[in-house]
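Examination of the molecular architecture
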Amino acid sequence: MVAPFITLSVGLVVVAIVYYGLVLPLYRGISRRRMGIAEGAITVAFFHPYCNAGGGGERVLWMAVKTLALLHAKLIKSSQRPLHVLIYSGDIGVDPKEILQRAEDHFGVQLRDISMPVTFVFVRGREWLEAARYPVLTMVGQSLGSLLLGLVCLLAFPPDVFVDTTGCAFTYPLTALLGRCRIAAYVHYPTISTDMLNLVRDQRPSYNNDRAVAGSALRSHIKLIYYRIFAILYGLCGFFVALVMTNSSWTQAHIRSLWRLGRQRIWTVFPPCDTSALEVSPRDYTGELTRSLYAVRQAMAPVAGRPKPYAVVSGSSKTGRLTKLAPRHDIAFQDLPLRPREPVILSVGQFRPEKDHPLQIRAFARFVKPSCIDGGGGEKGRIKERVKLVLLGSCRGSEDERRVQSLRSLAADMGVGDRVQFVVGAHFSELKEWLGRASVGLHTMWNEHFGICVVEYMAAGLIAVAHNSGGPKADIIVPWKGRSTGFLAATEEEYAHAFARIFAMDELKELTPMRTSARESIERFSDEIFVREWGNLMSPFLGLPVE
């Protein structure tokens, strides 16, 4: 009994010595030469297969790369090892320059002229991450898919530092054990949360808890066991991460409870929301920021010929030249006028189930009823009669288009069809126009991990009414210098009451001061704050002192 165990143990030790001492260093060296990476350069690879999408997660990615470019310049000046950034991308057939140009066009993040080399490592298999492929056991399917895709990425190039900005935690054990990489993670949303466990335990139906399951005690019990097992595995993945950053206090609390990490290894770094335009003259406003709110993944047509598996698109690791990170003076929601405003409640976001647009319509219908508290009659009552709800967003496909039709029918059934307007697939100029006209910005997603649209409502001068959960509750709609910055609600009644209060408030004495406080408070979410905090946390990984 003992001898076979000793033989197996010795065999595993020998395999580990050969692999880590010979095979991995040899393969890493071959990969570096194939990629054209300068000798001694520190390689930092970002796992972001959908890097060419137009969402908030992509803005975090590109601002993180921009921050590393600043650190690269410092490394060069101090004669230390330079940086070489790689992006694992599934955008096969897309020119890397087009990807960087899209980052600049959508987010105002310029990367074409930086001195730090940026290499795209194109990999196949990102469809393994898509939920639609797994009608049952979706989380397990996606997690196993991410593990396979992570293996593909490691075989394409094993970096020194692996940075996950998509939340694919099951790549961490593989990357740490097979690639011997130091791992940093920026977590937008935990794959599973204690709130999800409570939802199933309490048998509450939701977009991710089917009514057929919620209505059955047996099915709910089975699903709860499944969730708990998955939560344990998810927690084990966190053990392999050396640096954890979360995008909100809400996400941090859940990651801390699930990953069981020490407090010193988890930090909240708010996503960059480009609030630098506080310094811009109103005449300079042209606006570009919330393009990310309704941009969807573009269907990329393959170009002629087979693309190279990688491409260096900018910079040199031998020079210290760096374009200064400048504020985007053409992004200025803060320059939209605080008043006068029209009696419009504006909702901005994709027509996805988790956004809970039906709640918006039901709450609006309750608000327009004569029985709803409206602060009295007279002029305020007449304003209420003119209030309309505008739902502005995009559809990712036929399923979302059917959802819009369902919402139209719901509005008609609730008797507010003539007061609910749908703006689908609008150009940015139309979005900007509505942000300048509307009085209220509406958000109804339960447990939104951060809530960038709420920040942008506040920047544009709207009174935000957001769901009383997640990031909006914990980090965004909080008192600023002792003054209120918006409203929180969770039920139809609470949303309707918030609408009634807003349209009954005095413009000069109450609304304008609230809009001003909200606009001032969003400086916490600026690009500059993100650059500073991300840089300070990444510096120890790269041998730089923290400033």
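Residues numbered from 1 in each chain as written. Predicted model: local features only at pLDDT ≥ 70, side-chain atom pairs only at ≥ 80, totals over all residues. Heavy atoms only, no water.

Per an unreviewed UniProt entry, the protein chain goes by GDP-Man:Man(3)GlcNAc(2)-PP-Dol alpha-1,2-mannosyltransferase and derives from Nannochloropsis salina CCMP1776. The heading Pathway (unreviewed entry) in the UniProt record of the protein chain holds the text "Protein modification; protein glycosylation." Among the UniProt annotations of the protein chain, the heading Subcellular location (unreviewed entry) holds the following wording: "Endoplasmic reticulum membrane". (UniProt positions renumbered as here; feature names shortened; annotations may be inferred.)

Topic: the overall build of the protein chain
When helices and strands are counted, the protein chain shows 19 helices and 14 strands. Expressed as a percentage of the 547 residues in the protein chain, the buried residues total 55%. Element-wise, carbon and sulfur atoms account for 58% of the exposed surface of the protein chain, whose accessible area totals about 23,800 Å². (Helix = DSSP H or I, 4+ residues; strand = E, 2+ residues; numbered from the N terminus. Buried < 20%, exposed > 50% of the residue type's maximum accessible area, 1.4 Å probe, protein only. Areas by Shrake-Rupley, 256 points an atom, 1.4 Å probe, with all protein chains shown as cover.)

Considering the packing of aromatic side chains
The geometry of an aromatic ring pair comes down to the distance between the two centres and the angle between the two planes. Inspection of every chain in the model, using the stated rule, returns 23 aromatic pairs. Summarising the aromatic geometry, the rings of Tyr19 and Tyr20 are spaced 5.0 Å apart at their centres and angled 75 degrees between planes, so their arrangement reads as edge-to-face. A residue is classified by how much of its surface remains accessible, and Tyr19, at 26% relative accessible area, is partly exposed. For the ring pair Tyr88 and Phe162, a centre distance of 6.3 Å and an interplane angle of 40 degrees mean the geometry is tilted. Residue Tyr88 is found in strand β2 (residues 83-89), and its partner Phe162 is found in strand β4 (residues 161-164); the two are separated by 74 residues along the sequence. Per residue, the accessibility class of Tyr88 equals that of Phe162, and both read buried. Among the aromatic residues, those joined into a ring-pair cluster are Phe170, Tyr172, Phe230, Tyr234 and Trp259. The ring of Tyr20 carries Arg180 above its face, with NZ or CZ at 5.2 Å from the centroid. Here Arg437 stacks its cationic end above the ring of Trp434, 4.1 Å away from the centre of that ring. (Phe/Tyr/Trp six-rings, centres within 6.5 Å; stacked < 30°, edge-to-face > 60°. Lys NZ or Arg CZ within 6 Å of the ring centre and 35° of its normal.)

Some words on the pairing of strand β13 (residues 463-467)
Within β13, five of the five residues are buried, which leaves the element mostly enclosed by the surrounding structure. Of the pairings in the sheet, the one linking strand β12 (residues 440-442) to β13 comprises three bridges and is parallel in character. In the strand pairing of β13, Leu442 is matched with Val465. A crossover links β12 with its parallel partner β13, the connecting element being helix α15 (residues 452-460), and its sense is right-handed. The pairing of β13 with strand β14 (residues 487-489) spans three bridges and is parallel. Considered in β14, the bridge of His467 is made with Ala489. Following the backbone out of β13, through helix α16 (residues 470-476) and into the adjacent parallel β14, one traces a crossover that is right-handed. (Pairing = 2+ DSSP bridges. Right-handed = clockwise from strand over helix to strand, strands pointing away.)

Section: the sheet that holds strand β9 (residues 344-348)
Strand order across the open sheet formed by six strands is β11-β10-β9-β12-β13-β14, with parallel pairing between neighbours. The open sheet has two free edges, formed respectively by β11 (420-424) and β14, since each of these has just one partner strand. Within this sheet the neighbouring strands show an average axis-to-axis angle of 25 degrees, counted without direction. As paired strands, β9 and β12 are joined by three bridges and run parallel to one another. Bridge pairing in β12 links Ile345 to Val440. (Axes fitted to C-alpha atoms, helices over the stretch in contact; angles between N-to-C directions.)

Considerations on the pattern of salt bridges
Per the stated rule, a full pass over the model turns up 17 salt bridges. The shortest N-O distance in the salt bridge between Glu493 and Arg366 comes to 3.4 Å. Placement of the pair is Glu493 in helix α17 (residues 492-504) and Arg366 in helix α11 (residues 357-368), with a sequence separation of 127 residues. A relative accessible area of 41% means that Glu493 is categorised as partly exposed. For Glu520, the salt bridge goes to Arg483, with nearest N and O atoms at 3.2 Å. Of the two residues, Glu520 is situated in helix α18 (residues 507-521) and Arg483 in the loop between α16 and β14; the sequence distance between them amounts to 37 residues. Taking the relative accessible area as the measure of exposure, Glu520 reaches 32% and is therefore partly exposed. Through salt bridges with shared partners, a single network forms among Arg362, Arg366, Glu492 and Glu493. (Salt bridge = Lys/Arg side-chain N within 4 Å of Asp/Glu carboxyl O.)

Overview of α15
Along α15, nine of the nine residues are buried, which leaves the element largely enclosed by surrounding structure. Within α15, burial applies to Ile452, Cys453, Val454, Val455, Glu456, Tyr457, Met458, Ala459 and Ala460. One or two steps after α15, the chain reaches Gly461, where phi turns positive at roughly 95 degrees.

Some points on a nonpolar patch on the surface
On the surface, Phe5, Ile6, Val10, Val14, Val18, Leu22 and Val23 cluster together into a nonpolar patch covering about 640 Å² of accessible area. Residue placement: Val10 occurs in helix α1 (residues 2-35). (Patch = residues over 30% accessible without salt bridge, like charges linked within 9 Å, V, L, I, M, F, W, Y side chains within 5 Å.)

Brief notes about the state of the cysteines
For the coordinates displayed, the defined rule picks out zero disulfides. We note that Cys168 lacks a disulfide partner, and the nearest cysteine sulfur, in Cys153, lies 9.6 Å from it. By relative accessible area, Cys168 is classed as buried at 11%. (Disulfide = S-S within 2.5 Å.)

Considerations on the environment of Pro117
Take Pro117: it is sitting in the loop between α3 (96-107) and β3 (118-122). The class for Pro117 is buried, based on a relative accessible area of 4%. Along the chain, Pro117 and Leu83 lie 34 residues apart, while their C-alpha atoms are 7.5 Å from each other.

A closer look at the side chain of His254
Take His254: it is sitting in helix α9 (residues 249-259). What His254 contacts, discounting residues up to four positions off in sequence, is Pro190, Ser193, Thr194 and Asp195. (Contact = heavy atoms within 4.5 Å.)

Comments concerning the nonpolar core
The biggest cluster of nonpolar side chains holds 45 residues, and the ones touching the most others in it are Tyr88, Tyr172, Ile192, Tyr227, Tyr234 and Trp259. Mapped onto this core, the elements with two or more residues apiece are β1 (42-47), β2, α4 (138-156), α5 (171-179), β5 (182-187), α6 (194-201), α8 (217-238) and α9. Discounting residues that sit within four places of it in the chain, Tyr172 has contacts with Asp164, Ile183, Ala185, Cys237, Phe240, Val241 and Trp259. In this structure, Trp62, Leu68, Ile99 and Ala184 belong to the second largest nonpolar core, which totals 44 residues. (Core = buried A, V, L, I, M, F, W, Y, C linked by side-chain atoms within 4.5 Å.)

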